[in-house]
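Analysis of the macromolecular model
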Amino acid sequence: MVTARPAVEGLPAYRPGRNPADLAREIGVDRAVKLASNEVAFPPLSAVVAAVAAAAGETNRYPDNGAVVLTAALAERYGVDPEQVATGCGAVTLCQELAQAYNDPGTSLAFAWRSFEMYPLLARVAGARAVQVPLTPGRPGGPADTHDLPALAAAIDESTRLVLVCNPNNPTGTAVRRGELVDFLDAVPADTLVVLDEAYREFVTDPDVPDGIELMRGRPNVAVLRTFSKAWGLAGLRVGYLLAEDPAVAAAVRKTHVPFSVSTLAQAAAVAALASEDEVRSRCAAVVAERERLTGALRERGLDVADSQANFVWLPVGEQAAPLAAALEARAVITRPFAGEGIRVTVGTPEEDDVFLAALDDARRDADLRG
Ligand SMILES: *Cc1c(COP(=O)(O)O)cnc(C)c1O
């Protein structure tokens with residue numbers, strides 16, 4: 001019998017979220033609402049649909065492995081050199097490529113916890129140690145759990161090749177501010193790479209939350225990860241990018257790039273999306289307005305919801321997370337529970353969020369009656 005590496009044998013199997021159509025059929029309703037994966041609810045941009053349709057005629061050929069047109073468009077958009085850019089099959093693949101490029105077995109990878117679920121897996125697959133630094137606990141009625149950057153800096157040692165800072169943090173939605181992030185970057189040794197995972201940057205409204213691309217200037221050990229999956233609406237096409245101050249960082253990531261993994265359709269779609277930035281911005285503004293409405297509605301219900309800088313909100317319901325998510329699912333609303341901690345709810349359309357709020361009221365009333 002063949003066996004996979006122990007690190008791989010020990011990994012949890014991927015459990016896909018519920019498919020809304022299946023759930024609707026199962027519970028006998030017309031439509032279930034999915035607020036589990038932080039996509040935007042808008043349909044793809046019309047320029048994207050047109051670009052994908054046009055590119056479909058070229059799919060007998062391999063994609064451009066260097067993503068030259070997309071790389072140039074990103075370089076222009078962000079005011080960097082194309083040498084500072086690496087594209088990937090979603091930001092998650094870039095995370096994997098980063099770990100492959102920087103983490104030898106025996107080295108470590110540091111990040112806050114709870115944060116993006118992918119991070120611990122990266123370390124395991126690379127044979128590296130995951131150094132997980134607990135978030136600073138929030139207070140009831142105050143800010144939610146957020147990065148403890150001084151503790152994260154203190155956890156870095158000679159073995160730490162890579163540090164991931166998710167800002168705003170998934171799943172808490174909280175963001176670190178400029179001053180504390182600058183202090184942190186100043187404290188990190190020059191031979192440790194810091195990657196600012198800004199998957200939700202486009203939804204940030206607090207002017208004190210820094211743009212990682214500005215912060216990375218003059219810091220050769222800093223890179224920024226962004227994605228087309230969230231604000232830009234291309235989750236199904238898989239494309240993300242890394243911008244690094246030091247072109248050598250982008251080059252290392254390109255060396256571990258899975259060949260041809262950013263498809264022809266994804267590249268064409270991303271270029272078209274970048275050209276539709278005004279439309280993306282107005283969509284983000286609508287998401288932000290709805291985020292504020294949803295946050296207010298949850299607070300009116302006595303729930304302890306922190307200010308989110310992303311396109312989701314975090315309900316720190318602790319042990320109620322799994323039963324509440326199950327109760328919501330029975331009412332045709334799919335959210336993302338983290339057992340024992342909380343529930344992450346993607347900001348949907350106002351109609352979807354109203355369905356969620358009604359399901360939440362009903363589930364809580366039911367729980368009161370039972371107990
Ligand atoms: C969604 C997300 C990503 C990006 O995912 P891709 O779809 O692979 O681009 C990266 N980081 C965080 C924290 C995310 O939530």
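Quick notes on the rules
Residues numbered from 1 in each chain as written. Predicted model: local features only at pLDDT ≥ 70, side-chain atom pairs only at ≥ 80, totals over all residues. Heavy atoms only, no water. Salt bridge = Lys/Arg side-chain N within 4 Å of Asp/Glu carboxyl O. Helix = DSSP H or I, 4+ residues; strand = E, 2+ residues; numbered from the N terminus. Buried < 20%, exposed > 50% of the residue type's maximum accessible area, 1.4 Å probe, protein only. Phe/Tyr/Trp six-rings, centres within 6.5 Å; stacked < 30°, edge-to-face > 60°. Lys NZ or Arg CZ within 6 Å of the ring centre and 35° of its normal.

**Re the pattern of salt bridges**
Summed over the entire model, instances satisfying the criterion amount to 20 salt bridges. Note that R114 and E341 form a salt bridge whose closest N and O atoms lie 2.8 Å from each other. Of the two residues, R114 sits in the loop between β3 (108-113) and α6 (118-126) while E341 sits in the loop between β11 (336-338) and β12 (342-346), which places them 227 residues apart along the sequence. For R114, a relative accessible area of 15% gives the class buried. Taking the shortest distance from any N to any O, the salt bridge between R281 and E277 comes out at 2.8 Å. Of this pair, R281 and E277 both sit in helix α12 (residues 277-300), 4 residues apart, which is roughly one turn of that helix. One salt-bridge network, in which partners are shared between bridges, spans R331, D362, R365 and D366.

**Some remarks on the packing of aromatic side chains**
Applying the stated criterion to the full structure yields 9 aromatic pairs. Ring centres of F228 and Y241 lie 5.4 Å apart, and the angle between their planes is 50°; this geometry places the pair in the tilted category. Of this pair, F228 sits in the loop between β7 (222-227) and β8 (240-244) while Y241 sits in strand β8; the two residues are 13 residues apart in sequence, bridging distant segments of the chain. Three or more aromatic residues joined by ring pairs form one cluster here, namely Y78, F228, W232 and Y241. Above the ring of F338, the side-chain terminus of R336 is found at 4.4 Å from the ring centroid. Note that R344 overlies the ring of F312, its terminal NZ or CZ placed 5.8 Å from the centroid.

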